[in-house]
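Spelled out from the first residue to the last, the chains are:
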Amino acid sequence: MSQTAITVKVSNIRKVAPTIREFTLTPVDGDFFPFSPGSHVVVEMPAEGKKIRNAYSLLSDPRYPQSYRIAVRLQPESRGGSIYMHEKVQLGDELIITPPSNLFAPDWRAKKHLFFAGGVGITPFMSYIPEMLRQNADFELYYMYRSTQTGAYVNELKEMLSNRLHAYDSAVSNRADIAKIMAECPQGTHIYICGPESLIETILKIGEKTGWPKSHIHYEAFAAPKPGKPFVAELKKSGKTVYVSEDQSLLEALEANDVEIPNLCRGGVCGQCMSTVIDGEVEHRDNFLSAEEKASNCCIMPCVSRSKTGRLNLDI
Ligand code: FES
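A. Examining the nonpolar core more closely. Ranked by internal contacts, the top residues of the largest apolar core, which has 79 residues, are Phe115, Ala117, Phe125 and Ile193. For Ala117, the residues in contact, after removing those within four places along its chain, are Ile122, Phe125, Leu141, Tyr143, Met144, Cys194 and Gly195.

Shown next, in the form of structure tokens:
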């Protein structure tokens, strides 16, 4: 990672749901950077001989950055990052992380804030809530999970929020009527979503149908890049040829070959890593480019997108 990388020690590990492990990280030297609600850090994991880098939201109270907390859901079908965090990382181990970045900050001008969390998507809201309470903000949390797998922090949230928490456990067939919740919001409400793609899409579709201003709906997808077919990237500016294996993102392969490009979310939403395509067909997997931009094949988001045809020529 860059020179700003921070070495941290794992000072606590606890299971907070059947498939979710929480890690407390403390700095090896000096102090942590302060952060704002909704921030994330990128954790570097030397999984199976390669470096996987995944972004995780900070769970801690932003006013007390003496330690950072993150929670990782075990995703057995993923590229190995979550398996590494669940099976290899032990108390006292050192990890490398980036300083916090924020792509999901609350809009404090909102009259009311509605949070929709799905499963491990509760994490960014854990840093929102202490600040919302201090600022006496009007907010409610709609938390959807399956208690046989997820549902971290439910008891803690019940104590903290009482009737501001609406918990829906699909393991007991308890589901939220999202359209009704949105219809009953006062004007000036902002919605924040973190969870699986299906939850984000459902809320965006309801918003579109019922005329919600786009600027009032904020979302963060927490999924790490998915594996795909291996391919080769020819880089015009650096003159390098980079092999991207099936369980590696193009961004990770570039970094492994000492080609650094800007990046923040590493999940296809922020647009920082956008790169120009000279030749080759892109399998677009991001949520940043418009349908027209994707169809024109002019650019690629290397943190998540891949090649359809086995080879890409890029202006990097
Ligand atoms: S790093 Fe954010 S879109 Fe690639």
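Now that the structure has been shown, the text picks up again.
B. Representation of the pairing of strand β1 (residues 6–17) within the structure. In terms of strand pairing, β1 meets strand β6 (residues 94–97) through 4 bridges, oriented antiparallel. Each residue of the ladder has a partner; that of Val8, found in β6, is Leu95. Looking at chain direction, β1 and strand β2 (residues 20–27) are connected through 8 bridges and run antiparallel. Across the sheet, the residue bridging to Ile13 is Phe23, located in β2. Counting the residues between successive antiparallel strands, the hairpin from β1 to β2 contains 2 residues.

C. Local environment of the sheet that holds strand β14 (residues 241–244). Ordered in space as β14-β13-β19-β15-β17, the 5 strands form an open sheet in which the pairing is mixed. On the outer flanks of this sheet lie β14 and β17 (299–300), each paired with one strand and no other.

D. Representation of the sheet that holds strand β8 (residues 112–118). Judged by pairing direction, the sheet is parallel, and its 5 strands sit side by side in the order β10-β9-β8-β11-β12 without closing on themselves. Of all strands in the sheet, those bounded by a partner on one side alone are β10 (165–169) and β12 (217–220). Taken pair by pair, the neighbouring strands of this sheet meet at an average axis angle of 15°, ignoring direction. Relative to strand β11 (residues 189–194), β8 runs parallel, the two sharing 6 bridges. Residue pairing for β11: Lys112 is matched across the bridge by Thr189. Against the sheet, helix α2 (residues 123–134) touches β8, β9 (139–145), β11 and β12, its axis set at about 155° to β8. Packed on one face of the sheet, helix α3 (residues 154–161) meets β9 and β10 and runs near 155° to β10.

E. Unusual backbone geometry, seen in detail. One non-glycine residue, Arg266, lies in positive phi territory at about 55°. Position of Arg266 among the secondary structure elements: in the loop between α6 (250–256) and β15 (275–279). For Arg266, a count of 25 C-beta atoms within 10 Å gives the class buried. Even without glycine at this site, Asn297 takes up a positive phi of about 60°.

About the criteria used
- Residues numbered from 1 in each chain as written.
- Predicted model: local features only at pLDDT ≥ 70, side-chain atom pairs only at ≥ 80, totals over all residues.
- Core = buried A, V, L, I, M, F, W, Y, C linked by C-beta atoms within 7 Å.
- Buried ≥ 20, exposed ≤ 12 C-beta atoms within 10 Å, placed from the backbone.
- Contact = placed C-beta atoms within 7 Å.
- Pairing = 2+ DSSP bridges.
- Helix = DSSP H or I, 4+ residues; strand = E, 2+ residues; numbered from the N terminus.
- Axes fitted to C-alpha atoms, helices over the stretch in contact; angles between N-to-C directions.

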